[in-house]
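Residue-level structure breakdown
One-letter residues, chain by chain:
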Amino acid sequence: MKGSQNFRDNLLLLIASILLVDSVQSAYEILFISIFQPQSAGDAANLARITGFIPAPIWGIFFFVQSLWFCYYGLKRGYYKLAN
């Protein structure tokens with residue numbers, strides 16, 4: 001907890017931004033894999049097997065849209081900006 005408040009705020013913003021980008025990227029990768037290799041899509045493939053009537057690409061689309069929504073919501077609410 002050493003260092004100035006400004007440094008800590010900037011460091012936490014950097015970490016949060018990296019996590020935000022990584023979450024959208026991994027949801028896109030699940031979408032891509034669920035379209036081209038549905039049996040290898042991890043959670044989307046498992047949910048497709050459990051539900052039986054919802055295919056893996058639909059689950060991949062759901063995950064990607066959900067990640068975009070939370071990204072938009074976080075940016076809109078101002079969670080990813082520094083207070084001046």
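The following paragraphs examine the structure supplied in this document. (Residues numbered from 1 in each chain as written. Predicted model: local features only at pLDDT ≥ 70, side-chain atom pairs only at ≥ 80, totals over all residues. Heavy atoms only, no water.)

1. Notes on the overall build of the protein
Using the following cut-off: Here a strand is any run of E in DSSP of at least two residues, a helix any run of H or I of at least four, and the numbering for each starts at the N terminus. Restricting the calculation to C-alpha atoms gives the radius of gyration, and the globule rule supplies 2.2 Å times the number of residues raised to the power 0.38. The buried label applies to any residue whose accessible area, calculated with a 1.4 Å probe on protein chains only, is under 20% of its type's maximum; exposed applies above 50%, and partly exposed to all values in between. Exposure was quantified through the Shrake-Rupley algorithm and a 1.4 Å probe, taking into account, for residues, occlusion by the shown protein chains and nothing else. We treat Lys and Arg as the positive residues and Asp and Glu as the negative residues; His and chain ends play no part in the count. Charged groups are reduced to one reference atom each: NZ for lysine, CZ for arginine, CG for aspartic acid, CD for glutamic acid.
Along the backbone of the protein there are 3 helices and 0 strands. Starting at the N terminus and walking to the C terminus, you meet the elements of the protein as α-α-α. Computed over its C-alpha atoms, the radius of gyration of the protein comes to 17 Å, more than 25% above the 12 Å expected for a compact globule of 84 residues. Summarising its shape, the C-alpha atoms of the protein cover approximately 55 × 25 × 20 Å along the three principal directions. Each of the 84 residues in the protein was classed as buried or not, and the buried ones make up 21%. When the accessible surface of the protein is totalled, it reaches about 6,500 Å², and 67% of it is carbon and sulfur. Seen as two clouds, the 6 positive and the 4 negative side-chain charges of the protein have centres 12 Å apart.

2. Details of helix α3 (residues 56-77)
Short version of the rule: Each residue after the first adds 1.5 Å to the expected span of a helix. For this quantity, the arc is that covered by the directions from the helix axis to the C-beta atoms.
An ideal rise of 1.5 Å per residue puts 32 Å on 22 residues; α3 measures up with 31 Å between its terminal C-alpha atoms. A56, W59, G60, F63, F64, S67, C71 and G74 are the residues of α3 that are buried. Down the axis of α3, the buried side of the element spans an arc of 135 degrees, and every buried residue falls inside it. With respect to the buried face of α3, the exposed residues turned more than 90 degrees away are K76 and R77.

3. Side note on the nonpolar core
Note the following rule: Think of a nonpolar core as a cluster: buried Ala, Val, Leu, Ile, Met, Phe, Trp, Tyr and Cys residues, connected wherever their side-chain atoms sit within 4.5 Å. Here, residues are in contact when the closest pair of their heavy atoms is within 4.5 Å.
Grouped together as the largest cluster of nonpolar side chains are 7 residues: A41, A44, A45, A48, A56, W59 and F63. When contributions to this core are tallied by element, the ones reaching two or more residues are α2 (43-51) and α3. If we skip the residues at most four places from it in the chain, A41 touches I30, I33 and S34. Membership of the second largest hydrophobic core comes to 6 residues, among which are L20, A27, L31 and C71.

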